[in-house]
Amino acid sequence: MDITTAEAEALAIDFLMTDLDIPEDDREWFSVLSARPIGESWYVVEIGVEGLPDKWVLQVYDTKECDPNYTFVSPIKEGTSDLDAMPESVAQALATERTNGAVV
């Protein structure tokens, strides 16, 4: 494989932060939950916000490209009461994803 786990994690975080329009100062709220290679050509990287059950699942290919069709998974369909202590950009991203995302 032409990409390491650490590279896949960094690429996924950078891609998601850019896609969600999260300012540099607020990116510390997000972390990689897991990264696992799938076959020899790509990784599945899960990113979340500490203390919350929500996560984004991204595919990172050995070409160092991220699939723009990532998945958001959460047991919370709507709601923002648990987001009050977070920066506005993080709270807004989660609230939007919860309204439009997948529920498990």
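Just above sits the structure.
Note that the structure is predicted; figures quoted are calculated from it, not measured.

Trainee: Is there a simple way to think about the overall build of the chain in this case?
Mentor: Along the backbone of the chain there are 2 helices and 5 strands. Mapped from its N terminus to its C terminus, the chain presents α and β elements in the order α-β-β-β-β-α-β. A globule of 104 residues ought to have a C-alpha radius of gyration of about 13 Å, and the chain, at 14 Å, matches this closely. Viewed in the frame of its principal axes, the chain has a C-alpha envelope of about 45 × 30 × 20 Å. Here the chain holds 104 residues, and the buried ones make up 38% of them. The long-range fraction of contacts in the chain, counting pairs at least 24 apart against all pairs at least 6 apart in sequence, stands at 46%. Carbon and sulfur atoms make up 47% of the accessible area of the chain, which amounts to about 5,900 Å² in all. Between the centroid of the 6 positive side chains of the chain and the centroid of its 22 negative side chains there is a distance of 6 Å.

Trainee: Whenever I open this one, the environment of Gln59 confuses me. Can you help?
Mentor: With respect to the element layout, Gln59 can be found in strand β3 (residues 55-61). For Gln59, a relative accessible area of 28% puts it in the partly exposed group. Note: C-alpha distance between Gln59 and Glu7 (52 residues apart in sequence) is 12 Å. If we skip the residues at most four places from it in the chain, Gln59 touches Trp42, Tyr43, Glu65, Cys66 and Asp67. A polar atom in the side chain of Gln59 sits 2.7 Å from the side chain of Tyr61.

Trainee: How should the packing of aromatic side chains be read in this particular structure?
Mentor: By convention here, two paired aromatic rings are described through the distance between centres and the angle between planes. Going through the model one piece at a time under the given rule, you end up with 4 aromatic pairs. Arranged with centres 6.3 Å apart and planes meeting at 85°, the rings of Phe15 and Tyr70 form a pair that is edge-to-face. Of the two residues, Phe15 is situated in helix α1 (residues 5-19) and Tyr70 in the loop between β3 and β4 (71-74); the sequence distance between them amounts to 55 residues. Consider the rings of Phe30 and Trp56, whose centres lie 5.6 Å apart with planes at 55°: the pair is tilted. Taken together, the positions of Phe30 in strand β1 (residues 30-38) and Trp56 in strand β3 put the pair 26 residues apart, joining distant regions of the chain. Of the two residues, Phe30 and Trp56, neither departs from the other in class, the shared state being buried.

The rules behind the values
- Residues numbered from 1 in each chain as written.
- Predicted model: local features only at pLDDT ≥ 70, side-chain atom pairs only at ≥ 80, totals over all residues.
- Heavy atoms only, no water.
- Helix = DSSP H or I, 4+ residues; strand = E, 2+ residues; numbered from the N terminus.
- Rg over C-alpha atoms; globule rule 2.2 N^0.38 Å.
- Buried < 20%, exposed > 50% of the residue type's maximum accessible area, 1.4 Å probe, protein only.
- Contact = heavy atoms within 4.5 Å.
- Areas by Shrake-Rupley, 256 points an atom, 1.4 Å probe, with all protein chains shown as cover.
- Lys, Arg positive; Asp, Glu negative; His and termini not counted.
- Charge placed at Lys NZ, Arg CZ, Asp CG, Glu CD.
- Polar contact = N/O pair within 3.5 Å; in protein donor to acceptor, adjacent residues only side chain to side chain.
- Phe/Tyr/Trp six-rings, centres within 6.5 Å; stacked < 30°, edge-to-face > 60°.

These figures capture arrangement, not role.
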